[in-house]
Amino acid sequence: MENDIPPVNRIDQIRDELKALEGRRMRVRANMGRSRIIERAGTLIHVHPSLFVIEVEERRGRKARQSYQYVDVLTGTVELYDTDTGERLLNYTSDLPEE
């Protein structure tokens, strides 16, 4: 039987890939539960050891900062897209074993 367990360092991979994208504009799609999905465009401004921060544009030119955990990207709760092409930047949900 093959080893179907994903590598332990998935979170580290996500952090490293986001570190390379720091300062880049992207579109964030976050599933907040109870059928609430938030989509906003913003700039990845900080990559910390346990979370990353995106500065998003609000209405009337205001800006807000939203933080997300790397496990949110791993599970697909948060999806990041290129603002120009619409292409998904990180896709780790297809690597997870099906239940």
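Residues numbered from 1 in each chain as written. Predicted model: local features only at pLDDT ≥ 70, side-chain atom pairs only at ≥ 80, totals over all residues. Heavy atoms only, no water.

Caption draft 1: View of the overall build of the protein. If you tally the helices and strands in the protein, you get two helices and five strands. Counted from the first residue to the last, the protein has its helices and strands arranged as α-β-β-β-β-α-β. When the 99 residues of the protein are sorted by exposure, 29% land in the buried category. By sequence separation, contacts in the protein at least 24 residues apart represent 38% of the contacts at least 6 residues apart. For the protein, the exposed surface amounts to about 6900 Å²; the carbon and sulfur share of it is 45%. (Helix = DSSP H or I, 4+ residues; strand = E, 2+ residues; numbered from the N terminus. Buried < 20%, exposed > 50% of the residue type's maximum accessible area, 1.4 Å probe, protein only. Contact = heavy atoms within 4.5 Å. Areas by Shrake-Rupley, 256 points an atom, 1.4 Å probe, with all protein chains shown as cover.)

Caption draft 2: Structural view of helix α1 (residues 10-20). When α1 is considered as a whole, its buried residues turn out to be Arg-10, Ile-14 and Leu-18. All buried residues of α1 project into a common sector of 70° when viewed along the axis, lining one side. Exposed side of α1, more than 90 degrees from the buried face: Asp-16 and Ala-20 are the residues found there. If you follow the buried residues of α1, they end up packed against β2 (37-47), β3 (51-57), α2 (70-75) and β5 (78-82). (Arc of directions from axis to C-beta.)

Caption draft 3: Region of interest: the confidence of the model for the protein. In this model, the protein carries a mean pLDDT of 85, and residues with pLDDT of at least 70 account for 85%. The least confident element of the protein, judged by mean pLDDT, is α2 at 90; the most confident is β5 at 95. (pLDDT = per-residue confidence, 0-100.)

Caption draft 4: Representation of the side chain of Asp-82 in the model. Turning to its location among the elements, Asp-82 is positioned in strand β5. With relative accessibility at 12%, the residue Asp-82 sits in the buried group. Engagement of the side chain of Asp-82 in a polar contact is seen with the side chain of Arg-24, the distance being 2.5 Å. A distance of 3.5 Å separates a polar atom in the side chain of Asp-82 from the backbone nitrogen of Thr-85. Apart from residues lying up to four places away in sequence, Asp-82 is in contact with Arg-24, Glu-87 and Leu-89. (Polar contact = N/O pair within 3.5 Å; in protein donor to acceptor, adjacent residues only side chain to side chain.)

Caption draft 5: Just the pairing of strand β4 (residues 63-69), in detail. Both β3 and β4 contribute to a ladder of seven bridges, which runs antiparallel. Its bridge partner lying in β4, Glu-55 is registered against Arg-65. (Pairing = 2+ DSSP bridges.)

Caption draft 6: Structural context of the sheet that holds strand β1 (residues 25-31). Strands sit in the order β4-β3-β2-β1-β5 across an open sheet of five strands; the sheet is antiparallel. If you trace the sheet from one side to the other, it starts and ends with β4 and β5, each paired once. When strand polarity is set aside, the average angle formed by the axes of neighbouring strands in this sheet is 40°. Strands in contact with α1 are β2, β3 and β5; relative to β2, the strand with the most contacts, it is inclined by about 80°. (Axes fitted to C-alpha atoms, helices over the stretch in contact; angles between N-to-C directions.)

Caption draft 7: Structural view of the nonpolar core. Core analysis: the largest hydrophobic core is formed by 19 residues, its most contacted members being Ile-14, Leu-18, Leu-44, Phe-52, Ile-54, Val-78 and Leu-80. Elements with a minimum of two residues in this core: α1, β1, β2, β3, α2 and β5. (Core = buried A, V, L, I, M, F, W, Y, C linked by side-chain atoms within 4.5 Å.)

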